[in-house]
Amino acid sequence: MGRVILQMNVTLDGCVDHTQVVADEELHQYTVDLMEQSDGLLLGRKVYQLMESAWPAIAASGDGPSYMVDFARKLDRKPKYVFSRTLEHVSWQNSFLLKGPVLEEVQQLTAEGKSLIVNGGPGLGSTLAQSGLVDEYHFLVQPIVAGHGPQLLGGIRDRLKLKLSGTQTFGSGVVVLRYTSTV
């Protein structure tokens, strides 16, 4: 049986916005290391489109710091499962559009033994967490107060009980909090 790991960047005021992060070498390396332990990524439409607008070009051109090019190329090779009700197709290399019910699609992928990282934004993360499908949570707490944006797991209706399984501090002030579900 596969696993689901939810990785979310969150500001000190609880916002999740991929544009409000310290995107340095340590953060990219942490994500690469996590990606290497997985069989693919689960993405929502908005995050997919945000990432697709930048990373494939960096992977192809090789322009940028070596850690970003490395990240982009590994991201290119990794299967990306995209949930969307509005997209008709996905064109980024190794991307697969999923139109079925989210919970059924994720359960099918994990039943096939796939370990997946959710990097899909607060809606997808909340849906999977509320349904008990998330095995591990990685919250990358950014030393930023955004003042706006969607809230971390803002769609959760019922209490989730989590157990702290580890912490890590980056030189930038980003703190990683890792939790496991106690369900």
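Above this text sits the structure in question.
Rules behind the numbers
- Residues numbered from 1 in each chain as written.
- Predicted model: local features only at pLDDT ≥ 70, side-chain atom pairs only at ≥ 80, totals over all residues.
- Heavy atoms only, no water.
- Helix = DSSP H or I, 4+ residues; strand = E, 2+ residues; numbered from the N terminus.
- Rg over C-alpha atoms; globule rule 2.2 N^0.38 Å.
- Buried < 20%, exposed > 50% of the residue type's maximum accessible area, 1.4 Å probe, protein only.
- Contact = heavy atoms within 4.5 Å.
- Areas by Shrake-Rupley, 256 points an atom, 1.4 Å probe, with all protein chains shown as cover.
- Core = buried A, V, L, I, M, F, W, Y, C linked by side-chain atoms within 4.5 Å.
- Pairing = 2+ DSSP bridges.
- Axes fitted to C-alpha atoms, helices over the stretch in contact; angles between N-to-C directions.
- Polar contact = N/O pair within 3.5 Å; in protein donor to acceptor, adjacent residues only side chain to side chain.
- Arc of directions from axis to C-beta.
- Parallel < 35°, antiparallel > 145°, perpendicular 65-115°, else oblique.
- Nonpolar A, V, L, I, M, F, W, Y, C, P; charged D, E, K, R; others polar.

**So, the overall build of the protein chain**
Within the protein chain one finds 6 helices and 8 strands. At 16 Å, the protein chain has a C-alpha radius of gyration in line with the 16 Å of a compact globule built from 183 residues. Counting only C-alpha atoms, the protein chain reaches 45 × 40 × 30 Å along its principal axes. Residue burial in the protein chain is summarised as follows: out of 183 residues, 43% are buried. For the protein chain, the proportion of contacts with a sequence separation of at least 24, taken over those separated by at least 6, is 70%. Of the roughly 9000 Å² of accessible surface on the protein chain, a fraction of 50% belongs to carbon and sulfur atoms.

**Remarks on the nonpolar core**
Formed by 22 residues in total, the largest nonpolar core has its most connected members in Leu 6, Leu 42, Val 106, Val 118, Leu 128, Val 134 and Tyr 137. Secondary structure elements with two or more residues in this core: strand 1 (4-11), strand 3 (80-83), helix 5 (102-111), strand 5 (116-118), helix 6 (121-130) and strand 6 (136-142). Ranked by residues supplied to this core, first place goes to strand 1 with 4 residues. Membership of the second largest hydrophobic core comes to 21 residues, among which are Met 35, Ile 58, Trp 92 and Ile 117.

**Section: the sheet that holds strand 6**
Strand order across the open sheet formed by 8 strands is 4-3-2-5-1-6-8-7, with mixed pairing between neighbours. Each end of this open sheet is capped by a strand with a single partner; those strands are strand 4 (95-98) and strand 7 (162-169). Neighbour-to-neighbour, the strand axes of this sheet turn through a mean angle of 25°, independent of strand direction. Relative to strand 5, strand 2 (residues 40-44) runs parallel, the two sharing 3 bridges. For Leu 41, the partnering residue across the bridge sits in strand 5 and is Ile 117. Along the sheet, helix 5 makes contact with strand 1, strand 2, strand 3, strand 4 and strand 5, crossing strand 3 at roughly 165°.

**With respect to the side chain of Glu 136**
Tracing the sequence through the fold places Glu 136 in strand 6. Looking at Glu 136, the relative accessible area reads 15%, which means it is buried. Side-chain polar atoms of Glu 136 contact the side chain of His 138, separated by 2.6 Å. Once residues within four sequence positions are removed from consideration, Glu 136 is found in contact with Arg 3, Val 4, Ile 5, Leu 6, Arg 178, Tyr 179 and Thr 180.

**A closer look at helix 5**
At 3.6 residues per turn, the α-helix brings residues three or four places apart onto the same side. For helix 5, the set of buried residues is Val 106, Leu 109 and Thr 110. Viewed along the axis of helix 5, the buried residues span an arc of 95°, placing them on a single side of the element. Away from the buried face of helix 5 by more than 90 degrees, exposed residues Glu 104 and Ala 111 are located. Of the surrounding secondary structure, the elements contacted by the buried residues of helix 5 are strand 1, strand 2, strand 3, strand 4, strand 5 and helix 6. Downstream of helix 5 by a residue or two, Gly 113 has a phi angle that is positive, lying close to 90°.

**A word on the packing of helix 5 against helix 6**
Contact geometry for helix 5 and helix 6: axes closest at 10 Å, N-to-C directions at 70°. In terms of orientation, helix 5 and helix 6 fall into the roughly perpendicular class. Two secondary-structure elements touch here, helix 5 through Val 102, Leu 103 and Val 106 and helix 6 through Leu 124, Thr 127 and Leu 128. Tallied by class, residues from the contact of helix 5 with helix 6 come to 5 nonpolar, 1 polar and no charged.

**Focus: the pairing of strand 7**
Working note: regular strand, side chains alternate between the two faces of the sheet. Looking at chain direction, strand 7 and strand 8 (residues 175-181) are connected through 7 bridges and run antiparallel. Following the sheet pairing, Thr 169 is matched in strand 8 by Val 175. In textbook terms, the turn of a hairpin is the stretch between consecutive antiparallel strands, and for strand 7 and strand 8 this stretch comprises 5 residues, one of which, Gly 173, has a positive phi near 100°.

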